[in-house]
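Structural overview for review
Here's the letter readout for the chains.
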Amino acid sequence: MSRTRKRRMMNQINVVPYIDVTLVLLVIFMVTAPMTNPGMVELPKVGQALKQSVDPIVVTVQKEGTVLMDGKEMQRDDMLALIRTRLAEAEKPVVVSADKNTPYGEVIAVMDLLKQAQVNQVGLLFQNEK
C-alpha cells in the first residue's frame, strides 16, 4: 500500500528574496552616495567689471581695534559725524577695510554703527589673491 500524501498549497509569501534585493540596493546606495556632491555651488568671480563709478568713503579698522579715516585715527562718534557730513554733500558708498588679523567683532561693531547711522551702502574692502 502506497500512501501518498497530498501536498497542500502554501498560504504564506516567501520574503527572503525581497530582503536580499533590499540589502543589495542598500549597499549600492551606501557606496555611491559619497561620490555625489549635491551641495556644490558656483560662486561669482570678482573681476575688473566691478569698479566703482564714485570713490567710496573708506573706514579702516586696525587689528588693535582703532578706527582710521583719511589716515587719521579718530573716535567712532567723530567718524560718524564726518561720514554724515560727506554723505550730505554727495551720496557715496562707505567701505570698511580691515586687517586680516582684526577681530571679527570689531569689524561688525563698525558696520553696525554705520547701519545705525542710516548709511545705506556699506561694504567690505578686500584684495584679490593673484
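Placed above this text is the structure.
Everything numeric in this text was worked out from a predicted model, so none of it was measured.

1. Quick notes on the layout of surface pockets
The calculated volume of the second largest pocket comes to roughly 200 Å³. Lining the second largest pocket are 12 residues, with Ala98, Asp99, Val107, Leu124 and Leu125 positioned closest to its centre. Where the lining of the second largest pocket is concerned, the elements lending two or more residues are strand 4 (94-98) and helix 3 (104-116). If one sorts the elements of the lining of the second largest pocket by residue count, helix 3 sits on top with 4 residues. Class assignment for the residues of the lining of the second largest pocket results in 9 nonpolar, 1 polar and 2 charged.

2. What to know about the side chain of threonine 102
Residue position: threonine 102 is located in the loop between strand 4 and helix 3. Within the structure, the side chain of threonine 102 is placed 3.5 Å from the backbone oxygen of valine 61, a separation counted as a polar contact. Excluding anything up to four places from it in sequence, threonine 102 contacts Val61, Gln62, Lys63 and Val107.

3. Notes on the sheet that holds strand 5 (residues 122-124)
Strands sit in the order 3-2-1-4-5 across an open sheet of 5 strands; the sheet is mixed. Whereas interior strands pair on both sides, the edge strands pair on one side only; in this sheet they are strand 3 (72-74) and strand 5. The mean angle between the axes of side-by-side strands here comes to 35°, regardless of whether they run parallel or antiparallel. The pairing of strand 1 (residues 57-61) with strand 4 spans 5 bridges and is parallel. Following the sheet pairing, valine 58 is matched in strand 4 by valine 95. Sitting on the sheet, helix 2 (residues 76-89) is in contact with strand 1, strand 2 (67-69), strand 3 and strand 4, with an inclination near 30° to strand 2. Contacts from helix 3 reach strand 1, strand 2, strand 4 and strand 5 within the one sheet, and its direction differs from that of strand 4 by about 165°.

4. Concerning the nonpolar core
Counting 18 residues, the largest nonpolar core has Val59, Met79, Ile83 and Leu114 as the members making the most contacts within it. Secondary structure elements with two or more residues in this core: strand 1, strand 2, helix 2, strand 4 and helix 3. Residue contacts for valine 59: discarding those within four places in its chain leaves Val67, Leu68, Met69, Met79, Ile83, Val94, Val95, Val96, Ser97 and Val110.

5. Here's the deal with a nonpolar patch on the surface
A cluster of nonpolar side chains, namely Ile13, Val15, Tyr18, Ile19, Leu23, Leu26 and Met30, defines an oily patch on the protein surface of about 760 Å² accessible area. Inspection of the secondary structure assignment puts tyrosine 18 in helix 1 (residues 16-32). Overall, the relative accessible area of 56% leaves tyrosine 18 in the exposed class.

6. Considering the packing of helix 2 against helix 3
Between helix 2 and helix 3, the shortest axis-to-axis distance is 11 Å and the interhelical angle comes to 45°. Looking at the two axes, helix 2 sits oblique to helix 3. For the pair helix 2 and helix 3, the sense of crossing is right-handed. Note on element contacts: helix 3 touches helix 2 through Glu106, Ala109, Val110, Leu113 and Leu114, opposite Arg76, Leu80 and Ile83. The residue makeup of the contact of helix 2 with helix 3, split by class, is 6 nonpolar, no polar and 2 charged.

What counts, and at which threshold
Residues numbered from 1 in each chain as written. Predicted model: local features only at pLDDT ≥ 70, side-chain atom pairs only at ≥ 80, totals over all residues. Heavy atoms only, no water. 1 Å grid on protein atoms, 1.4 Å probe; cavity = no way out; pocket = protein on both sides within 12 Å on 5 of 7 lines; lining within 4 Å. Points joined across faces, edges and corners; volume = space filled by probe spheres on them. Helix = DSSP H or I, 4+ residues; strand = E, 2+ residues; numbered from the N terminus. Nonpolar A, V, L, I, M, F, W, Y, C, P; charged D, E, K, R; others polar. Polar contact = N/O pair within 3.5 Å; in protein donor to acceptor, adjacent residues only side chain to side chain. Contact = heavy atoms within 4.5 Å. Pairing = 2+ DSSP bridges. Axes fitted to C-alpha atoms, helices over the stretch in contact; angles between N-to-C directions. Core = buried A, V, L, I, M, F, W, Y, C linked by side-chain atoms within 4.5 Å. Buried < 20%, exposed > 50% of the residue type's maximum accessible area, 1.4 Å probe, protein only. Patch = residues over 30% accessible without salt bridge, like charges linked within 9 Å, V, L, I, M, F, W, Y side chains within 5 Å. Areas by Shrake-Rupley, 256 points an atom, 1.4 Å probe, with all protein chains shown as cover. Salt bridge = Lys/Arg side-chain N within 4 Å of Asp/Glu carboxyl O. Parallel < 35°, antiparallel > 145°, perpendicular 65-115°, else oblique. Left-handed = near helix turned anticlockwise from the far one by under 90°.

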